[in-house]
There are 12 protein chains.
Amino acid sequence: MRVLVIHGPNLNLLGEREPAVYGTETLAQIDAQIAELAKNLHLDVRSVQHNSEGAIVDELHAARGAYETVIFNPGAYTHYAYAIADAISAIGIPVFEVHLSNIFAREEFRRKSVIAPVCAGTIGGFGVDSYLLALRAAAHKI
Amino acid sequence: MRVLVIHGPNLNLLGEREPAVYGTETLAQIDAQIAELAKNLHLDVRSVQHNSEGAIVDELHAARGAYETVIFNPGAYTHYAYAIADAISAIGIPVFEVHLSNIFAREEFRRKSVIAPVCAGTIGGFGVDSYLLALRAAAHKI
Amino acid sequence: MRVLVIHGPNLNLLGEREPAVYGTETLAQIDAQIAELAKNLHLDVRSVQHNSEGAIVDELHAARGAYETVIFNPGAYTHYAYAIADAISAIGIPVFEVHLSNIFAREEFRRKSVIAPVCAGTIGGFGVDSYLLALRAAAHKI
Amino acid sequence: MRVLVIHGPNLNLLGEREPAVYGTETLAQIDAQIAELAKNLHLDVRSVQHNSEGAIVDELHAARGAYETVIFNPGAYTHYAYAIADAISAIGIPVFEVHLSNIFAREEFRRKSVIAPVCAGTIGGFGVDSYLLALRAAAHKI
Amino acid sequence: MRVLVIHGPNLNLLGEREPAVYGTETLAQIDAQIAELAKNLHLDVRSVQHNSEGAIVDELHAARGAYETVIFNPGAYTHYAYAIADAISAIGIPVFEVHLSNIFAREEFRRKSVIAPVCAGTIGGFGVDSYLLALRAAAHKI
Amino acid sequence: MRVLVIHGPNLNLLGEREPAVYGTETLAQIDAQIAELAKNLHLDVRSVQHNSEGAIVDELHAARGAYETVIFNPGAYTHYAYAIADAISAIGIPVFEVHLSNIFAREEFRRKSVIAPVCAGTIGGFGVDSYLLALRAAAHKI
Amino acid sequence: MRVLVIHGPNLNLLGEREPAVYGTETLAQIDAQIAELAKNLHLDVRSVQHNSEGAIVDELHAARGAYETVIFNPGAYTHYAYAIADAISAIGIPVFEVHLSNIFAREEFRRKSVIAPVCAGTIGGFGVDSYLLALRAAAHKI
Amino acid sequence: MRVLVIHGPNLNLLGEREPAVYGTETLAQIDAQIAELAKNLHLDVRSVQHNSEGAIVDELHAARGAYETVIFNPGAYTHYAYAIADAISAIGIPVFEVHLSNIFAREEFRRKSVIAPVCAGTIGGFGVDSYLLALRAAAHKI
Amino acid sequence: MRVLVIHGPNLNLLGEREPAVYGTETLAQIDAQIAELAKNLHLDVRSVQHNSEGAIVDELHAARGAYETVIFNPGAYTHYAYAIADAISAIGIPVFEVHLSNIFAREEFRRKSVIAPVCAGTIGGFGVDSYLLALRAAAHKI
Amino acid sequence: MRVLVIHGPNLNLLGEREPAVYGTETLAQIDAQIAELAKNLHLDVRSVQHNSEGAIVDELHAARGAYETVIFNPGAYTHYAYAIADAISAIGIPVFEVHLSNIFAREEFRRKSVIAPVCAGTIGGFGVDSYLLALRAAAHKI
Amino acid sequence: MRVLVIHGPNLNLLGEREPAVYGTETLAQIDAQIAELAKNLHLDVRSVQHNSEGAIVDELHAARGAYETVIFNPGAYTHYAYAIADAISAIGIPVFEVHLSNIFAREEFRRKSVIAPVCAGTIGGFGVDSYLLALRAAAHKI
Amino acid sequence: MRVLVIHGPNLNLLGEREPAVYGTETLAQIDAQIAELAKNLHLDVRSVQHNSEGAIVDELHAARGAYETVIFNPGAYTHYAYAIADAISAIGIPVFEVHLSNIFAREEFRRKSVIAPVCAGTIGGFGVDSYLLALRAAAHKI
């Protein structure tokens, strides 16, 4: 099974950005953990990071025929990027929404996800484990 | 008269994406129909598609001096892309908003257009005919 | 194909009423243009105008079996006349909502249409051309 | 006891209109059932149907001195016709609001009744039985 | 100066309807007081009453060229009848909105007037004097 | 046919609690009337009363296989007890919501029912007759 | 009869302040017209102007026993000054709210009056005539 | 590590209740899967189910000192049970909120969780895997 | 005078739960202070604590005839438990709402009390003194 | 301990103003009761009354260094006077908000206090006892 | 050029009041810095401070003819004082709104300014520099 | 000190776009003024313009370590681009939000800034001076 991991906007700064909220691990370290678990689960994983809504739409489109599952941390696009939501609906691949932090325990605007309604499932609040749990969820679908 | 047709996000997947909502014609087939009618109406038409809000803003800016009318299907950007709305206000060319589906008969969030207030007119719900009617509307302005 | 055109409340004053918003053509002149295009498109058209919500409901009911398409400018009833919306749902004939002006560029209350969700399509902002485009849309359905 | 049954807008299409929602019985068949039960309950019943808000106001006014109870299915006027609500307040006769379908299980806008606050009671969701139950409620008041 | 007085829905029941709110005078008695003051002010007054929104729209249309001022008690149409508001905008005659009761001291829904924004002025809460004051206001315009 | 009548919170105080709103009959007297009519209609009825949301959920669960219809007065749980609404959806038995008073003529918060959307029908405002009418509605389903 | 006229905040600038909205007459000229009409109506009138909410509360308190009617233009306090509204409730003298302009045809925030619910009546949109009509309304109460 | 699994209201009907939404597995089958994975992960797990808000509060209180992690499917209490939320805050044990279905893709009222803000993390939409993923998340904390 | 003190949900954890918000005293210590003051004031006091909404409703019902005053800390039920509010209305005993913390200085959802409108008075923010002040208020009523 | 009692707008009319809501005692009588209890509690009390928001801000500022506690009945300023709220935050003295009536059982607008979030505690609904309880609360802080 | 600086409510406590939010400089120190920069910019500056809304209205009125620019820190009046907003509209002098803190990063209610729409410009978040920047903006207008 | 100036979407059209709102200066002319003042203030300034949200996020990321202050005119992204707001939070450099026009005096949607809460300060309404004042604010921080 091929799995695409998409890290949304600002996640390239992980480890440097607000460690109290997002932890001290860098994106490279997270991707390493993802790669390691994927290997154990016999999953074929590729990780990408984009700051642009359009680029994420493009990436999701390109996933058709190339991946069976997408694990997606939409970052702040969670709250307003309907174009990404439409892309998820359009591609017909199960997408799992993940968040490092518990978005429901933060600012009011973070409590609404326009992405969640078109995802297969959502996992949030477990730090890097949110990605790893999503990977396990994907593996279980095989 | 020169007419620019801008297809917004996810429209490149037409024919493959949710055919129950958007029909089975591909974007190439739609562009072919547009080109054919344009020829009959003696209009000079160019069609482009963009998934990025910024790219659409750029395209609209470039239309100044090059086109007399823009036909624009903003897709999901309809509902929140004020930067595109500002671009339409800025360029001083009449823009016609078109939608394949009747956005008022769908999810609640699709009923609000931030683009419509700055457009010259809107046409929605007629499938590919929405574009063709907009083309006729443009032709009538000559 | 038989097409019924229903002009809603206050449209009998067209040409006299707020020409800056609605133009200087009278309803008779608009109906003449509709008739002319209908002739060219080999459509059988009848135009009526009503100020009363109940009369519009009656007219829609009577259209069953007599017309294949209805072109309807609901005027101010656009924004609250659920009885008309129910009539449209009930009669099983495609109804095209048209507006002379771009209702999205006007007062806040004009941005909500209770009629649009039950219509096949909507066209607005093109002046009398809104009707003519709807006529073409109807013709295409033959 | 004299009872007036008022069928509101679009109910004349019953049996033909959206049978999945409103059932397959015609208004004549419903009125026949009402008449039969009324006879059994020794009630003097008259049934009318109106599509116009003004006509319903007139009918309610005329009921004063002529009927002891009104059974009223306001149809879509349920949701906005304050003039009818004022008429009910004004005439001083108990009015029972009935609905064929369960309006609370349908579109959001159908969940608000401006008529209910001025009625003596409401019955909804039982198909034609909604009327018959209201008739029994009226009979009990003798 | 010719003045048209339009009494809106349910006002024909005045004197009989909720006297605690609307007083004990009948509409005929009110019209008599209006006629008497009009005579003193050398105004030419005609009074009409309508329960139907469409009829009020028609009446307003007919006022063009026939009256210089309209005094209008919209009753419950105050709160939602945008078709009447559009008619007032369309006819280009100053319309004075009057109410017998103070609508701001009653139910929440009565605090919003869709008519007031298109009227020249509003008077409410003075019982029949609301009409008489409006008549004086009209006279002053001569 | 077996019918379960569930009286919700505070209904055990009937006859003593706010008689101006709820009448002077005690719950025992109401149950006696229900029993008598049930006998006439050849229905097998059991009545229970619970003040706890969880107990009502349990009671509804237990009704599966034991009753064909449930008549339910949810009292104040009407307005927020989604767990009860889910139980009604889950058990697959038609539930009729009844209210002694007209909840639409009372405080604002009483106008919203989270129970109604999952019920087969609703009856309110007829005092104890609300229950008796529901019983007749149940009988008719045999 | 003694009548107190209270001009609210900023009205001391009348004639100089936004004449397109408020006219070109000064407050002194308005007070002169008020005085003249009062004389004709045999009313004893005193006019004051205050910019401070507390001063208006004090003035209203002092009116007890000294005046039978208050004519009050609350200016911008119309929209939020609940302390003034409480003062009006407290003093037990009929207060007539007047406005020079039609506040319903202006900014959204001006459409809400916290003063109106506790006033006997309201008059707005007639320029200085708003005051004169209120004076006549007061005279009629003798 | 000791883990408490709390199944909220109506989950005892799993497998029988709306299988299109919640799947065909019974709660016993789910608990068996949980027990099996717990064994593999060397976790000490106990599962309970409650329909009453108060009982869930009690259960959470009792968890103090007895469990290191709580996995909690709050069912419909997700949306309004602030007493449960307060209990979670009070006990100082990490609580993981799980849902079988994707609550964001269902009715509007299910999109708001009053429980999520006080939980350590949330997992939803993966059917029984939601529980199993939460178990793994708990294991990882050792 | 007999006074019933009802401690609502989660208050059994006092002293252990979020001491920064609720203080370090245990419920037993608070009850001891209440008992001591009651003795001084010659009041007959009983204290109970419940986590279940239904149990609180039962307790309030049982208070009829047994107590002259109820002092009630509704905890999180403050914000949504209309069944408890109805119970308070039903029993006809003055109920004093108390809160340890100042609920208006905390989360948004805590600022709305559905209990307060049916209570005789409210005291909040004084820690255990909130109870003691309520006791004094009760004593004063003798 | 020195305590400042501030009576807000309109409270100078106590005993004369709406006795059904506020009781028949005058402010002087209330101040006498406050003085008497203060003497018993060995508190040094001064009472003032102001109708102006600015005067209350000044009074609060002046309290710094002169009083250890402020007891404040903000009257209608409760609902919007953020300048007073800021003054309370600024002075660093505990302020107790008191109300004679239960503001939660009155008009909707009275249910929101902008003052409460910055107060140490609130007491309402006990008539003059609200002040006396606040005095006791102050005394307890010594 | 003559510039009037108006410090709004509670600013007289600067340096003493919540230094974490407002800094440690006193108003006198701020005025000294303003005076010094004004001298350098050849501006004629006067600074005043008022706690009363009415006093600020008076001060603004008096500025007509005496000052060419007003620099105004409205403090808490920012959020509701429409009377001040009207005064600014009325006097026809450019007013610059300044805030020491970034009001958008604080409580929700501080994010709405009723003053800003009638000001020429706004500066906030720079501490005392907010005033100095406004002074430079004023100077540039010469 | 190094300062980065980011001009947001559509600002490249300055001087050509809606001069009534945005003035007649081109972006190049504005950048020239910025450069000149920067030279005087001994600041090292670079100006960039982007129409894409993602590009602005990238630019902000790249500013880390390269600039001490960012001056940012977010254009229409002001109102919804949470990804940009997160980028500002992430980079730990003070960002000053500037606007040419007074966004509070324009359309309703422009009054909400999702950027302001994470900025150090905001300046708006002074035309090109908004940038120059921000430059001075930056200089002052040295």
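This report concerns the structure included in the present document. (Residues numbered from 1 in each chain as written. Chains lettered and ligands numbered in written order. Predicted model: local features only at pLDDT ≥ 70, side-chain atom pairs only at ≥ 80, totals over all residues. Heavy atoms only, no water.)

1. Some details on the overall build of chain A
So, point 1. Along the backbone of chain A there are five helices and five strands.
So, point 2. Helices and strands in chain A line up, N terminus first, as β-α-α-β-α-β-α-β-β-α.
So, point 3. Each principal axis of the C-alpha distribution contributes one length, and for chain A these read about 35 × 30 × 25 Å.
So, point 4. Expressed as a percentage of its 142 residues, the buried residues of chain A come to 63%.
So, point 5. Restricting the contact set of chain A to residue pairs at least 6 apart, pairs at least 24 apart contribute 79%.
So, point 6. Where the 11 positive side-chain charges of chain A centre and where its 15 negative ones centre are 4 Å apart. (Helix = DSSP H or I, 4+ residues; strand = E, 2+ residues; numbered from the N terminus. Buried < 20%, exposed > 50% of the residue type's maximum accessible area, 1.4 Å probe, protein only. Contact = heavy atoms within 4.5 Å. Lys, Arg positive; Asp, Glu negative; His and termini not counted. Charge placed at Lys NZ, Arg CZ, Asp CG, Glu CD.)

2. Focus on the interface of chain A and chain H
So, point 1. Counting residues at the interface gives 20 residues for chain A and 20 residues for chain H.
So, point 2. Counting the surface lost from both chain A and chain H, the interface buries some 1900 Å², and carbon and sulfur atoms represent 59% of this.
So, point 3. Counting every contact that joins chain A to chain H gives zero salt bridges.
So, point 4. Across the contact surface, chain A and chain H share eight residue pairs in polar contact (both at pLDDT 80 or more).
So, point 5. If one sorts the elements of the side of chain A that touches chain H by residue count, helix α5 (residues 129–140) of chain A sits on top with five residues.
So, point 6. By residue class, the composition of the side of chain A that touches chain H is eleven nonpolar, six polar and three charged.
So, point 7. With three bridges joining them, strand β5 (residues 121–124) of chain A and strand β5 (residues 121–124) of chain H adopt antiparallel strand pairing. Following the sheet pairing, Ile123(A) is matched in β5(H) by Ile123(H). (Buried area = accessible area lost by both parts, 1.4 Å probe. Salt bridge = Lys/Arg side-chain N within 4 Å of Asp/Glu carboxyl O. Polar contact = N/O pair within 3.5 Å; in protein donor to acceptor, adjacent residues only side chain to side chain. Nonpolar A, V, L, I, M, F, W, Y, C, P; charged D, E, K, R; others polar. Pairing = 2+ DSSP bridges.)

3. Here we look at the sheet that holds strand β2 (residues 44–49) of chain B
Adjacent strands of a sheet pair through backbone hydrogen bonds, lying either parallel or antiparallel.
So, point 1. One open sheet accounts for ten strands, arranged β2(B)-β1(B)-β3(B)-β4(B)-β5(B)-β5(C)-β4(C)-β3(C)-β1(C)-β2(C); its pairing is mixed. Pairing within the sheet leaves two strands with one partner each, and these edge strands are β2 of chain B together with β2 (44–49) of chain C. Direction aside, the axes of adjacent strands within the sheet are offset by 20 degrees on average.
So, point 2. Most of the contacts of helix α3 (residues 53–63) of chain B go to strand β1 (residues 2–7) of chain B, to which it runs at about 175 degrees, and overall it touches β1, β2 and β3 (69–73) of chain B.
So, point 3. Helix α5 (residues 129–140) of chain B rests against β1, β2, β3, β4 (95–99) and β5 (121–124) of chain B together with β5 (121–124) of chain C of the sheet, and its axis sits at about 160 degrees to β4(B). (Axes fitted to C-alpha atoms, helices over the stretch in contact; angles between N-to-C directions.)

4. Some thoughts on the pattern of salt bridges
So, point 1. For the structure shown, the criterion picks out 60 salt bridges over all chains.
So, point 2. One salt bridge connects Asp86(B) with Arg110(L), and the closest N-O pair in it is separated by 2.8 Å. Of this pair, Asp86(B) sits in helix α4 (residues 82–91) while Arg110(L) sits in the loop between β4 (95–99) and β5 (121–124), which puts the two residues in different chains. Of the two residues, Asp86(B) and Arg110(L), neither departs from the other in class, the shared state being buried.
So, point 3. Glu59(I) is the salt-bridge partner of Arg46(I), the closest N and O atoms lying 2.7 Å from each other. Of the two residues, Arg46(I) sits in strand β2 (residues 44–49) while Glu59(I) sits in helix α3 (residues 53–62), which places them 13 residues apart along the sequence.
So, point 4. Through salt bridges that share partners, Asp86(A), Arg106(B), Glu107(B) and Arg110(B) make up one connected network.

5. Some words on the packing of aromatic side chains
So, point 1. In total, this model carries 66 aromatic pairs over all chains according to the counting rule given.
So, point 2. Both rings, one in Phe96(A) and one in Phe126(H), keep their centres 4.9 Å apart while their planes meet at 80 degrees; by these two values the pair is edge-to-face. Residue Phe96(A) is found in strand β4 (residues 95–99), and its partner Phe126(H) is found in the loop between β5 and α5 (129–140); the two belong to separate chains.
So, point 3. Assessed through its relative accessible area of 7%, Phe126(H) is described here as buried.
So, point 4. Relative to Tyr80(D), the ring of Tyr80(C) lies with its centre 6.2 Å away and its plane at 85 degrees, an arrangement referred to as edge-to-face. On the criterion of chain membership, the pair formed by Tyr80(C) in the loop between β3 (69–73) and α4 (82–91) and Tyr80(D) in the loop between β3 (69–73) and α4 (82–91) is interchain, its members lying in two chains.
So, point 5. Here Tyr80(C) falls in the buried class, since its relative accessible area comes to 5%.
So, point 6. Here the aromatic cluster, defined as three or more aromatic residues joined through ring pairs, consists of Tyr77(A), Tyr80(A), Tyr82(A), Phe109(A), Tyr77(B), Tyr80(B), Tyr82(B), Phe109(B), Tyr77(L), Tyr80(L), Tyr82(L) and Phe109(L). (Phe/Tyr/Trp six-rings, centres within 6.5 Å; stacked < 30°, edge-to-face > 60°.)

6. Comments concerning helix α2 (residues 27–40) of chain D
Residue and element names in this part refer to chain D.
So, point 1. Between its terminal C-alpha atoms α2 stretches 20 Å, which fits the 20 Å expected from 14 residues at 1.5 Å a residue.
So, point 2. Residues Leu27, Ile30, Ile34, Leu37 and Ala38 constitute the buried set of α2. Here the buried residues of α2 occupy an arc of 105 degrees about the axis, which is enough to place them on one side. Exposed and facing more than 90 degrees away from the buried side of α2 are Ala28, Glu36, Lys39 and Asn40.
So, point 3. In this structure, the buried residues of α2 make contact with β1 (2–7), β2 (44–49) and α5 (129–140).
So, point 4. Looking one or two residues past α2, histidine 42 carries a phi angle of roughly 60 degrees, positive in sign. (Expected span 1.5 Å × (residues − 1). Arc of directions from axis to C-beta.)

7. Examining the packing of helix α2 (residues 27–40) of chain F against helix α5 (residues 129–140) of chain F
Helix-helix packing is described using two parameters, namely the angle between the two axes and the distance between the axes.
All names here are of chain F.
So, point 1. Packing of α2 against α5 leaves a shortest axis separation of 10 Å and a crossing angle of 25 degrees. It follows that α2 is roughly parallel to α5 by the angle criterion. The handedness of the crossing between α2 and α5 comes out as right-handed. Contacts between α2 and α5 pair Ile30, Gln33, Ile34, Leu37 and Ala38 from the former with Tyr131, Leu132, Leu135 and Arg136 from the latter.
So, point 2. In the contact of α2 with α5, the residues fall into seven nonpolar, one polar and one charged. (Parallel < 35°, antiparallel > 145°, perpendicular 65-115°, else oblique. Left-handed = near helix turned anticlockwise from the far one by under 90°.)

8. Re helix α3 (residues 53–62) of chain L
So, point 1. With seven of ten residues buried, α3(L) is to be regarded as a mostly interior element.
So, point 2. All buried positions along α3(L) are accounted for by Glu53(L), Gly54(L), Ile56(L), Val57(L), Glu59(L), Leu60(L) and His61(L).
So, point 3. Against the buried residues of α3(L) lie α3 (53–62) of chain A, α3 of chain B together with β1 (2–7), β2 (44–49), β3 (69–73) and α4 (82–91) of chain L.
So, point 4. Sitting at the head of α3(L), Ser52(L) places a side-chain oxygen 3.2 Å from the backbone nitrogen of Gly54(L).

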